[in-house]
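If you want the building blocks of each chain, they are given just below.
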Amino acid sequence: MTNDVFNARDTLTTSHGSYTVYRLDRLQADGLTTLSKLPFSIRVLLEQALRQCDEVAITRQHVIDLAGWKPVVEQRPVVPFKPARVVMQDFTGVPAVVDLAAMRSAVARLGGDPRRVNPVVPVDLVIDHSVQVDFFGVPDALQRNAEIEFQRNRERYEFLHWGKNAFDNFRVVPPATGIVHQVNLEFLAQVVMNVKTPGVSETPGVLKTPGVLEHPLAYPDTLVGTDSHTTMINGLGVLGWGVGGIEAEAALVGMPIDMLTPDVVGFKLYGALRPGVTATDLVLTVTQMLRAHGVVAKFVEFYGPGLDSMSLPDRATIGNMSPEYGATIGFFPVDDETLRYLRLTGRSEAQVALVEAYCKEQGLFRTSQTPDPEFSEGLELDLGTVEPSLAGPKLPQSRVALNDLRQSFQQSLVAPKSQRGFALEESALQKTARLGLNGSSVEMGHGSVIIAAITSCTNTSNPSVMLGAGLLAKKAVERGLQVKPWVKTSLAPGSKVVTEYLAHAGLLEPLAQLGFNVVGYGCTTCIGNSGPLPAHIVEAVIGADLVSAAVLSGNRNFEGRIHPYSLANYLASPPLVVAFALAGTVDTDLTQEPLGTGKDGAPVFLRDIWPSSEEIRRAIDESVRAEMFVEKYGNVFDGNEVWNAIPAAESAELYNWDPESTYIQEPPFFTDLTPEVGPIEPIRGARVLVKVGDSLTTDHISPAGAIPLKFPAGQYLVARGVKPRDFNSFGSRRGNDRVMTRGTFGNIRLQNHLAGGKEGSYTVKFPQGEEMFIYDAAMKYQAEGTPLIVLAGSQYGTGSSRDWAAKGSMLLGIKAVIAGSFERIHRSNLVGMGVLPLEFMQGESAETLGLHGSEVYDILDLDDSLRPFQQISVRATRADGSQVDFKTTARVDTPVEVDYYRHGGILHKAIRDML
């Protein structure tokens, strides 16, 4: 707290008190920067470096480099980032806490003080990924799903109770509260932090100790989160993004996250959305544009007159999908709309006053007169050109205009799988299934919607689309429309406040009448927790080999993610989710064809029941109240009696590992850790375990969704007496490396080229040429002492920030991944687990080099002189003795990452530093 390298510390006085601040304009006075030219996101990044400059983790030169940010430079300098806080969801948070517990055990084994393993910044873990849609379409679905959630996850919840008692600065938001990003947006985020520092004088103007701050310290709220959609908070003017659990663990024990100073892409918005166009339509358009432009590892900052009329929930919707368009963040500066939203969500007037005063004083407040910053690149969008849209059937950036959906879907049926199609033969296009129903039958065909889910953080925080869905449902019920009998419907609000304002508006009942009963508070269908389908629906789909569909208000629709029997998955706004549940198929044009027949016998079209902008605006004004937020978050940490009744595990210092547990196990990352670090050495005699094409997602790599009975993870659980009905999901078992390693590369839609493109977790073991499960082959290679590699195309590791995609790779024995390019978070996670990411040179790939995957690989040039972006030689030797020599680029991007790799991982270094 006493560091002030640039003499920038000063006092800011507001109507509610005085605060210590670190003034950015001091750097401008010293000639180091011109603040008005810097993007707002860079200004926030600069403040955290200025304030925390200690000449160790963050040096004077780091601050000078960042202050001198230019739109275009040949080489970007490194900037360390030390966030103000960390947020987690339970799927990614449990393994992080498991790792912290394992670090304590390791430190104790090596003779250190395990209490040194402790968060040094505030950490909030929100339990939101464990609820599954087992019950739906019935009034007590919420209660019954919650009961099953607690039964399935009791062991995990007991472990988290231990964690909140064992660690300082660690809070847990109980289940059935809301989705982490919405809870963050509505409650946890402060925009400007207000920290009362130790030793503050009780007498104004008198310091108790020289160098200790006189007033509470105020600084921008910044964070990292163990979920890629942490970027939703960018809509509130808070700088934060998703990282793997590995990076988050490093941040919470005080290690900086080193990153290259980013390029910042300016995205100008102007005009206004037309009536009938939603924020979801807008974000799908933005996602398509930015993914096509290319913004991986870049900041995107939104500006322009379009912001003046854009609500904060609409901004949060756009920020949320940053991972889908590939950017690190999608940032909106603080302005009057930010202040309005803080008041709406029940933040105190003192906090709102601090945010306004601080941001205006620091040049962090945007108005319509604010000069545009300078950006590295630019895009723009006239909001008036946005049209109703969906995205699918397999990628979130594959936007489809609503009036083009039928044609697009039919094209996807015959398109080859390499083009994200389903490769049906002509003879299969007319297949249908008869579904018996109460003595009669109905017909299902390709495109039948078997899941319609209002779910996910992207949209369920936005009153305009949630109330819009309710109003559409009300009009549909009034016209006598019904949901088709093969559709599984669900409503998972992002927080209890959403339920409150839907109820106040009288819209919960019409939603329930269409089967959209509240099923839980959490991230359900979007992460694969869609639950089982009725058996007769599954039989119909399988029997006719139908390409059935899901329509959900989520952000992810990758293959195999939503449900094993839902092959075509479309992202859409909540009102459109209801509409497609009524239509029952995506093989339709809802702009021209009716949703169904009304009780008067006349066809009812979407335009007949679509709510007007005025109706939605009136519903928001009448039903969304600040007191709802104050009431629902008033006792958020201790208001769930079932959660409160769970006993905590014994021993506050060290966790008592249970060898019989199938949920929580001590991971083997640190069991053989030595106090000294060994040298970096070449990788010799490696074999290829997996060879894949472009855009392999972390959903394909990391275990996710349901645990297949006949695959290694399912067989492991059966061998330990777990019945298939009690498997739960991979996400719920992320605290058990035995399950997770067996599920790595276990996606049922994975196409490993070594297995001839066969779908599932298969590979070929060399030199025998024997086909087997990927896990089984990896164990045989480990027994032989053979290191492993992955060959991949471009955008390897796109998708969610799943640390097990890297942890599982490491535990399988993978030492390097050679790919065309990497998605930001997964590349960082690989380094954090001691796995070397290597990129083919421009224009080269496994295909152009003639690499089939049966070769033996030697990765040369690896020693203690390794440096960022170094060229690394690779030699592939075929069975006939011929060789292919090629160059790659080591994607260890900073000196700190080189150090992490040298130690075998980021946490290994942290433990050695503690010792």
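One can find the structure itself at the top, above this paragraph.
Being a predicted model, the structure only gives us computed values, none of them experimental.

Parameters and conventions
Residues numbered from 1 in each chain as written. Predicted model: local features only at pLDDT ≥ 70, side-chain atom pairs only at ≥ 80, totals over all residues. Heavy atoms only, no water. Helix = DSSP H or I, 4+ residues; strand = E, 2+ residues; numbered from the N terminus. Rg over C-alpha atoms; globule rule 2.2 N^0.38 Å. Areas by Shrake-Rupley, 256 points an atom, 1.4 Å probe, with all protein chains shown as cover. Lys, Arg positive; Asp, Glu negative; His and termini not counted. Charge placed at Lys NZ, Arg CZ, Asp CG, Glu CD. Pairing = 2+ DSSP bridges. Axes fitted to C-alpha atoms, helices over the stretch in contact; angles between N-to-C directions. Contact = heavy atoms within 4.5 Å. Salt bridge = Lys/Arg side-chain N within 4 Å of Asp/Glu carboxyl O. Buried < 20%, exposed > 50% of the residue type's maximum accessible area, 1.4 Å probe, protein only. Phe/Tyr/Trp six-rings, centres within 6.5 Å; stacked < 30°, edge-to-face > 60°. Lys NZ or Arg CZ within 6 Å of the ring centre and 35° of its normal.

**Observations concerning the overall build of the chain**
- Tallying secondary structure elements over the chain gives 31 helices and 34 strands in all.
- For a compact globule of 915 residues, the expected C-alpha radius of gyration is about 29 Å, and the chain comes in at 27 Å, within 12% of that figure.
- As displayed, the chain has an accessible area near 31,600 Å², and 48% of this comes from carbon and sulfur atoms.
- The positive charge centre, built from 82 side chains, and the negative charge centre, built from 103, are 2 Å apart in the chain.

**Points about the sheet that holds strand β12 (residues 264–270)**
- Sheet architecture is open: 4 strands sit in the order β14-β13-β12-β15, paired in parallel fashion. Bordering the open sheet on either side are β14 (329–331) and β15 (377–382), each of which pairs with just one other strand. If you compare each strand with its neighbour and ignore which way they point, the axes differ by 20° on average.
- Judged from the 3 bridges that link them, strand β13 (residues 299–303) and β14 form a sheet pairing that is parallel. In the strand pairing of β14, glutamate 301 is matched with phenylalanine 331.
- Helix α8 (residues 279–293) rests against β12, β13 and β15 of the sheet, and its axis sits at about 150° to β15.

**What about the pattern of salt bridges?**
- Taken as a whole and judged by the stated rule, the model has 52 salt bridges.
- A salt bridge links glutamate 666 to arginine 109, with the nearest nitrogen and oxygen atoms 3.1 Å apart. Taken together, the positions of glutamate 666 in the loop between α23 (641–644) and β26 (683–691) and arginine 109 in helix α4 (residues 90–109) put the pair 557 residues apart, joining distant regions of the chain.
- With relative accessibility at 19%, the residue glutamate 666 sits in the buried group.
- For lysine 394, the salt bridge identified is with glutamate 559, shortest N-O distance 3.3 Å. One end of the pair, lysine 394, is in the loop between β16 (389–391) and β17 (399–401); the other, glutamate 559, is in the loop between β22 (549–552) and β23 (568–571), with 165 residues separating them in the sequence.
- Taking relative accessible area as the criterion, glutamate 559 reaches 15% and is therefore assigned buried.

**Here's the deal with the pairing of strand β32 (residues 856–859)**
- Bridge analysis of β26 against β32 gives 2 bridges, and the strand direction is antiparallel. What sits directly across from alanine 686, in β32, is tyrosine 857.
- Pairing between β32 and strand β33 (residues 871–877): 4 bridges, direction antiparallel. Its bridge partner lying in β33, isoleucine 859 is registered against valine 874.

**Things to note about the packing of aromatic side chains**
- Under the defined criterion, the tally for this structure stands at 22 aromatic pairs.
- With centroids separated by 5.7 Å and ring planes inclined at 70°, the aromatic side chains of tyrosine 157 and tryptophan 643 adopt a geometry described as edge-to-face. Placement of tyrosine 157 in helix α5 (residues 141–166) and of tryptophan 643 in helix α23 is noted, with a sequence separation of 486 residues between them. Each member of the pair, tyrosine 157 together with tryptophan 643, is buried.
- Among the aromatic side chains, those forming a connected cluster through ring pairs are Phe159, Trp162, Phe167, Phe170, Tyr655 and Trp657.
- Against the face of phenylalanine 6 rests arginine 60, its NZ or CZ located 4.5 Å from the ring centre.
- For lysine 394, the ring lying beneath its charged end belongs to phenylalanine 422, and the centroid distance is 4.5 Å.

**Quick look at the sheet that holds strand β9 (residues 222–225)**
- With respect to topology, 5 strands assemble into an open sheet ordered β6-β5-β4-β9-β10, the strand pairing being parallel. Both outer strands of the open sheet, β6 (170–173) and β10 (239–242), are each paired with one neighbouring strand and no more. The sheet shows a mean angle of 20° between the axes of neighbouring strands, direction not considered.
- Where β9 lies against β10, 4 bridges are found, and the strand directions are parallel. The partner of threonine 222 across the bridge, within β10, is leucine 239.
- Against the sheet, α4 engages β4 (85–89), β5 (123–126) and β6, with an angle of about 115° to β4.

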